[in-house]
Amino acid sequence: MSYAYATQDEKTISGAMALVMHLLFLLLLVFGVSWQHKQSDSAVIVDLWNNLPALPQPKAEPPPPEAKAPPEPPKPVPKAEPKPKPEPKPVIKPDIALKEKLEKERKLKVEQEKLEEKKREQEKARVALKEKRAKEVEAKQLAKEQDDALRKINEMQAAQAAARGKQIDEYRRRISEKVKRFIVLPPNLQGNPEVEFDVVLLPGGEVLGVKLRKSSAVTAYDNAVERAILKAQPLPLPPDPALFNDFRELKLKFRPKE
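Residues numbered from 1 in each chain as written. Predicted model: local features only at pLDDT ≥ 70, side-chain atom pairs only at ≥ 80, totals over all residues. Heavy atoms only, no water.

## Some points on the side chain of Asp 222
Spelled out, the test is: Numbering goes from the N terminus for both helices and strands, where a helix is a DSSP run of H or I of at least four residues and a strand is a run of E of at least two. Categorising residues by exposure relies on relative accessible area from a 1.4 Å probe, with only protein chains included: less than 20% of the type maximum marks a residue as buried, more than 50% marks it as exposed, and the intermediate range marks it as partly exposed. The charge count treats Lys and Arg as positive and Asp and Glu as negative. His and the chain ends do not count. The working definition used for a salt bridge is a side-chain nitrogen of Lys or Arg within 4 Å of a carboxyl oxygen of Asp or Glu. The criterion used for residue contact is that any of the two residues' heavy atoms lie within 4.5 Å.
Relative to the helices and strands, Asp 222 is located in helix α3 (residues 219-232). The buried charged residue Asp 222 lacks any salt bridge, with Arg 227 as its nearest oppositely charged partner at 11 Å. Dropping the residues within four chain positions of it, Asp 222 is found in contact with Val 195, Phe 197, Leu 212, Ser 215, Ser 216 and Ala 217.

## Description of the nonpolar core
Which entries qualify depends on this criterion: Here, nonpolar core means buried Ala, Val, Leu, Ile, Met, Phe, Trp, Tyr and Cys residues that are tied together by side-chain atoms lying within 4.5 Å of each other.
By size, the foremost hydrophobic cluster in this structure holds 23 residues, and its most contacted members are Ile 175, Val 179, Val 199, Val 225, Ile 229 and Phe 254. For this core, the secondary structure elements donating two or more residues are α2 (94-181), β1 (195-201), α3 and β3 (249-254). In this structure Phe 254 touches Ser 176, Val 179, Lys 180, Ile 183, Pro 193, Glu 194, Val 195, Tyr 221, Val 225 and Ile 229, once residues within four positions along its chain are discounted.

## Some remarks on a nonpolar patch on the surface
Keep this limit in mind: Only residues whose relative accessible area exceeds 30% and that form no salt bridge enter a patch; like-charged residues are grouped when within 9 Å of one another, and nonpolar side chains (Val, Leu, Ile, Met, Phe, Trp, Tyr) when within 5 Å. Only the protein chains shown count as cover for residues, and the accessible areas themselves come from Shrake-Rupley with a 1.4 Å probe.
On the surface, a nonpolar cluster with roughly 380 Å² of combined accessible area is contributed by Val 20, Met 21, Leu 24 and Leu 27. Secondary-structure assignment places Leu 24 in helix α1 (residues 8-50).

## Quick word on the pattern of salt bridges
If you walk through the whole model with that rule in mind, you get twelve salt bridges. A salt bridge links Arg 151 to Asp 148, with the shortest nitrogen-to-oxygen separation between them at 3.9 Å. With Arg 151 and Asp 148 both in helix α2, this residue pair falls three residues apart, about one helical turn. Among the residues examined, Asp 148 registers a relative accessible area of 24% and is labelled partly exposed. Close ionic contact of Asp 198 with Arg 213 constitutes a salt bridge, the shortest N to O distance being 3.2 Å.

## Looking at the sheet that holds β3
Basically, it comes down to this: Strand pairing is assigned whenever DSSP detects at least two bridges linking the two strands. Axis definition: a line fitted to C-alpha atoms, over the contacting stretch in the case of helices. Angles run 0 to 180 degrees between N-to-C directions.
Read across the sheet, three strands follow the order β2-β1-β3 without closing on themselves; strand pairing throughout is antiparallel. Because the sheet does not close on itself, it has two edges, and the strands there are β2 (207-214) and β3. The mean inter-strand angle of the sheet, taken between neighbouring strand axes irrespective of direction, is 25 degrees. The sheet contact formed by β1 and β3 spans six bridges and is antiparallel. Bridge pairing links Val 199 to Leu 250 in β3.

Honestly, that's just the spatial picture; any functional story needs more than this.
The following block contains the structure:
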C-alpha cells in the first residue's frame, strides 16, 4: 500500500519514523530472545536442586519460545490538511485595467466639472443678487434725487410764479395810478360808481385800443376815465419782455373814491 505525500518533508519524516520503528522492533525481538534464554537456564538449575533425592529423569526440552505476533506496521502519520489557499484574484488584462482606469478618470473629471459648474452658477447667482441690490439702492437713490430735484424745481417755479405775479400786480398798480392822475372828475358826482375798460397795449406801453366793458351809469365819469387812459400813455410795463403777454390785454377798473 502506497501513500501520497503532500511535501518532501512529510515523506522524509515518514521514512525516518518507519526506520525508527523497525529498529525498536529489532531491539525488542533481540531482548526478548535473550531474556527467554536466561529464564530457562535459571529454572532448570532450581528444579535440579529441589529434586535432588528423586530419580534422575530425562531433561525436558524447554518449550520453544512463543512466537510473538509481529509488530503492527507503523500507522501512517495523518497528513496535515493543507490550509485553504486564498482564492487568487482575477487576473485583469492590461487593456481592461487601462479601460477601467480611463473610465474612473472620466467619471472623476465629469464630477469635477459638475462641481465647478455648480460653483460658477452659485457665484453667478451671488453676483446677480449683488448687482440687483446695487441697482435697487441706485434706483432708490436716483428716485430720491429726482424727487429732490422736482421739489426744488417746483419750489423754484413757485417762487418764480410768486415773483412774476408780484411784479405783474405791481405794474398793474402803477398803470392804474398813472391813469388816475389824468382823470378829471365831473362836478356833482354822487356816490362811488365803478367803471371797467378793456385796454390793448403795444410792447412800448402805447394804447392800441380802449373799450368800455362795464359802465358806471355815469356817462361823464366814463368819458373822463377813457380820456385819462389815452393821456397816460405810454403806460408803464415791466422790463422783462416775457411778461408782456400779461399786459397785452388789460382789464382796468376805476372808482372815484379809490
